[in-house]
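# Residue-level structural notes
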Amino acid sequence: MSYTEEIYARVIEQNPGEPEFHQAVKEVLDSLKLVIDANEEEYRKLGILERLVEPERIISFRVPWVDDQGKVQINKGYRVQFNSAIGPYKGGLRFHPSVNQSILKFLGFEQVFKNSLTGLPIGGGKGGSNFDPKGKSDREVMAFCQSFMTELQKYIGADQDVPAGDIGVGGREIGYLYGQYKRLTGQYEGVLTGKGLTWGGSLVRTQATGYGLVYILDEMLKAAGKSMEGQTIVVSGSGNVAIYAVEKAQELGAKVVAMSDSNGYVYDPEGIKLDIVKDIKEVKRGRIKEYAEQVSSAVYTEGKGIWTVKCDIALPCATQNELNLDDAKALVANGCFAIAEGANMPTTREATDYVQAQGLLFMPGKASNAGGVATSALEMCQNSARLSWTFEEVDEKLKNIMKDIYAKVADAAERYDVPGNFVVGANIAGFEKVVDAMKAQGLV
Ligand code: NDP
C-alpha cells in the first residue's frame with residue numbers, strides 16, 4: 001500500500017461516520033500522490049500525513065438559549081482548530097441544521113490549503129452549530145449568538161483563532177457574536193472578521209468571495225483565450241457568495257440566467273435582475289420563488305434541477321455536493337465549458353472527474369472561493385494597524401491575490417506534469433507551504 005492509501009485507510013478507520021471528511025481527505029491525498037511519492041521516506045519518518053489529517057484540537061460544547069415561547073432550546077456548538085502552522089486558525093462559522101463534526105472537519109481541512117494559497121499568514125479552522133437562524137426572530141438569533149460566544153470566547157483571540165461568517169452567519173450574527181465577545185473579555189480586537197463597517201469591518205469583505213470567484217474565473221478564461229463578455233452563466237444559491245458573484249459577472253459583461261435556494265430555482269432568460277434578488281434575500285430574508293412573482297420574464301421551478309439550464313459557465317455557490325454526476329452530464333450536454341466553485345466542495349468527486357475528463361475548465365473551491373478568507377485577513381491587518389483602507393485599495397489587493405492564486409495553481413499543475421488540472425495544482429501549491437512550516441517548527 002502506498003503512503004497516501006495507508007493514510008486514507010487510517011482516516012476511515014479512526015473517523016467513523018464522517019463521510020464528508022473522508023471525501024475531502026481522499027481528494028487531497030489523491031492529488032498529493034505525486035509530491036508524496038517523490039518524498040515518501042522523509043514524510044513517512046516525520047509522520048507528515050498523519051499530522052496533516054488530524055485536527056490540532058476540536059472543541060464541542062452545549063449551547064443553551066431561550067426561544068420566544070419561553071422554552072429552553074439546546075444546540076450543539078463546535079470549533080475545529082485544524083492547523084496553525086502558518087498562522088492563527090482562520091475560517092468561518094456555519095449555522096445550519098445539517099452541521100455536524102464531519103462537515104466541520106471537512107471544511108476545516110479544506111481551509112488549511114485554501115488559506116495557504118492566499119499567501120497570507122493564516123492557519124485553518126472552522127466552526128458552527130446545528131442552529132437554524134431561518135424563521136427565528138432577531139431576539140432568538142441574538143440569544144443564541146450570545147450563548148454560543150459565551151463558550152467560544154475561551155478558545156479564540158486576535159492572534160489565536162479568528163472566526164468569520166459562512167452559511168447562516170452574516171452581518172447580523174457576526175454583530176451579536178462580537179458584542180458578546182467584547183462584553184465578556186473587555187477587548188475591542190480583531191477577533192472576528194466580516195464585522196460592520198462602523199465597527200472594524202473591511203470594505204469589500206461582503207463582496208469578496210463572489211468577486212474573487214469571478215476574478216479567478218476571468219484569469220482562467222483569459223489563459224484559455226476566452227473572456228467573460230457575452231457568456232451565459234448559471235449560479236446556484238442566492239446567499240452572500242452567489243449574489244456578489246452575479247454582481248461581478250454582470251459587471252464584466254456576462255449574462256446570468258438562473259439562481260436558486262434550497263427550495264428551487266428561477267430561470268430568467270433576460271438576465272437576473274440583481275437588485276430584486278438583493279431585496280428578497282438581503283432585506284426581506286425571503287425565498288427565491290418571490291423573484292418569479294415580481295419579474296414576468298422569469299419562471300420558478302421547485303426542487304433541484306438548476307444544472308439543466310443551458311449555460312456556458314456554471315458557478316455552484318450554495319453548498320457541498322450540490323452538483324453530482326447527472327448534473328455534470330446535463331451541463332456538458334448543454335455545452336457548458338467551465339465550472340468554478342464558489343461553495344466548498346459543491347461538486348462531487350465523480351462529477352469533478354467527469355468534467356475534467358470531458359476537457360472542461362474546472363477551478364476547485366479552495367482556490368476559487370479563497371477571496372473571502374483573503375479579505376478577512378486584510379480586515380485583520382487593518383484592525384491591527386487601527387486603519388481602514390478604501391474600497392479601491394482592498395479590491396485591488398483582492399484582485400492581485402486571486403491572480404496570484406491562479407498563477408500558483410497553474411504553475412504547480414505544470415510542475416507536476418498535469419497542466420490544466422487545477423484540482424491537483426491547488427492541493428499541491430497549498431500543501432507545499434504548510435508542510436514547509438510544519439517541518440520547520442518541529443514536532444508540535
Ligand atoms: P449563505 O447562507 O449566504 O447562502 C447559502 C445559499 O445556499 C442560500 O441560497 C441557501 O439557500 C443555499 N443552500 C444552503 N444549503 C443548501 C442546501 N443544503 N441545499 C440547497 N441550497 C442550499 O452562505 P454563503 O453564500 O456564505 O456560502 C455558500 C457557500 O460558499 C458555502 O459552501 C460556504 O462554505 C462557501 N463559502 C463562503 C464564504 C463566504 O465568505 N461567505 C467563503 C468561502 C466559501 P436557503 O436560503 O434556502 O438555505
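To keep things clear, this report deals only with the structure shown in the data block. (Residues numbered from 1 in each chain as written. Predicted model: local features only at pLDDT ≥ 70, side-chain atom pairs only at ≥ 80, totals over all residues. Heavy atoms only, no water.)

## With respect to the site of the ligand
Going by this rule: For this description, a residue counts as near a given molecule or strand if any of its non-hydrogen atoms is within 4 Å of it. Polar contacts, as counted here, are pairs of nitrogen or oxygen atoms within 3.5 Å of one another; within protein the pair requires one atom able to donate a hydrogen and one able to accept it, and residues that are adjacent in sequence qualify only if both atoms are side-chain atoms. Using a 1.4 Å probe, accessible areas were evaluated by the Shrake-Rupley method; residue-level cover was limited to the displayed protein chains. Any residue that is not Ala, Val, Leu, Ile, Met, Phe, Trp, Tyr, Cys, Pro, Asp, Glu, Lys or Arg is counted as polar, Gly included; the first ten are nonpolar and the last four charged.
In the vicinity of the ligand, 25 residues are found, and the nearest of them are Asp166, Thr209, Ser262, Arg287 and Asn344. Between the ligand and Arg94 there is a distance of 2.9 Å, counted from an oxygen atom to a side-chain nitrogen or oxygen. Within the complex, 83% of the 890 Å² of free accessible area of the ligand lies under protein. Of the residues contributing to the shell around the ligand, the split by class is five nonpolar, 13 polar and seven charged.

## Some words on the nonpolar core
Inclusion rule: Residues belong to a common nonpolar core when they are buried Ala, Val, Leu, Ile, Met, Phe, Trp, Tyr or Cys residues joined through side-chain atoms within 4.5 Å. For every residue, the accessible area (1.4 Å probe, protein chains only) is compared with the maximum for its type, and the residue is labelled buried under 20%, exposed over 50%, or partly exposed between those bounds. Helical segments are the DSSP runs of H or I of at least four residues, strand segments are the runs of E of at least two, and each set is numbered from the N terminus. The contact definition used throughout considers only heavy atoms, calling two residues in contact when any of these lie within 4.5 Å.
Ranked by internal contacts, the top residues of the largest apolar core, which has 102 residues, are Phe109, Ile233, Tyr291, Leu315, Met363, Ile405 and Phe431. Broken down by element, this core gets its largest block of residues, ten residues, from helix α17 (residues 422–440). Leaving out residues up to four positions away in the same chain, Ile405 has contacts with Leu117, Thr118, Ile216, Ala367 and Ala370.

## Section: the state of the cysteines
This is how it is decided: By disulfide we mean two sulfur atoms from cysteines, separated by a distance within 2.5 Å.
Per the stated rule, a full pass over the model turns up zero disulfides. No disulfide involves Cys336; its nearest neighbouring cysteine sulfur is the one of Cys311, lying 4.4 Å away.

## Some words on the packing of aromatic side chains
Aromatic ring pairs are defined here through the distance separating the ring centres and the angle between the ring planes. Short version of the rule: Only rings of Phe, Tyr and Trp enter the pairing, Trp through its six-membered ring, and a pair is recorded when the two centres are within 6.5 Å. The plane angle decides the type: under 30 degrees is stacked, over 60 is edge-to-face, the rest tilted. Criterion for a charge above a ring: Arg CZ or Lys NZ at most 6 Å from the ring centre, at most 35 degrees from the ring normal.
A complete count under the given rule lists 18 aromatic pairs for this structure. Here the aromatic rings of Phe82 and Phe109 are separated by 5.6 Å at their centres, their planes lie at 55 degrees, and the arrangement is tilted. You can see Phe82 sitting in strand β2 (residues 72–83) and its partner Phe109 sitting in helix α5 (residues 101–117), a full 27 residues away along the chain. With respect to burial, Phe82 and Phe109 carry one shared label: buried. Ring geometry for Phe95 against Phe144: centres 5.1 Å apart, planes inclined by 85 degrees, an arrangement best described as edge-to-face. With Phe95 in strand β3 (residues 89–95) and Phe144 in helix α6 (residues 138–152), the pair connects residues that are 49 residues apart, well separated along the chain. Across the pair, exposure class does not vary: Phe95 and Phe144 are buried alike. An aromatic cluster is built from Phe61, Trp65, Phe95, Phe131, Phe144 and Phe148, whose rings are joined through pairwise contacts. One cation-aromatic arrangement involves Lys195 over Tyr178; the distance from NZ or CZ to the ring centre is 5.8 Å.

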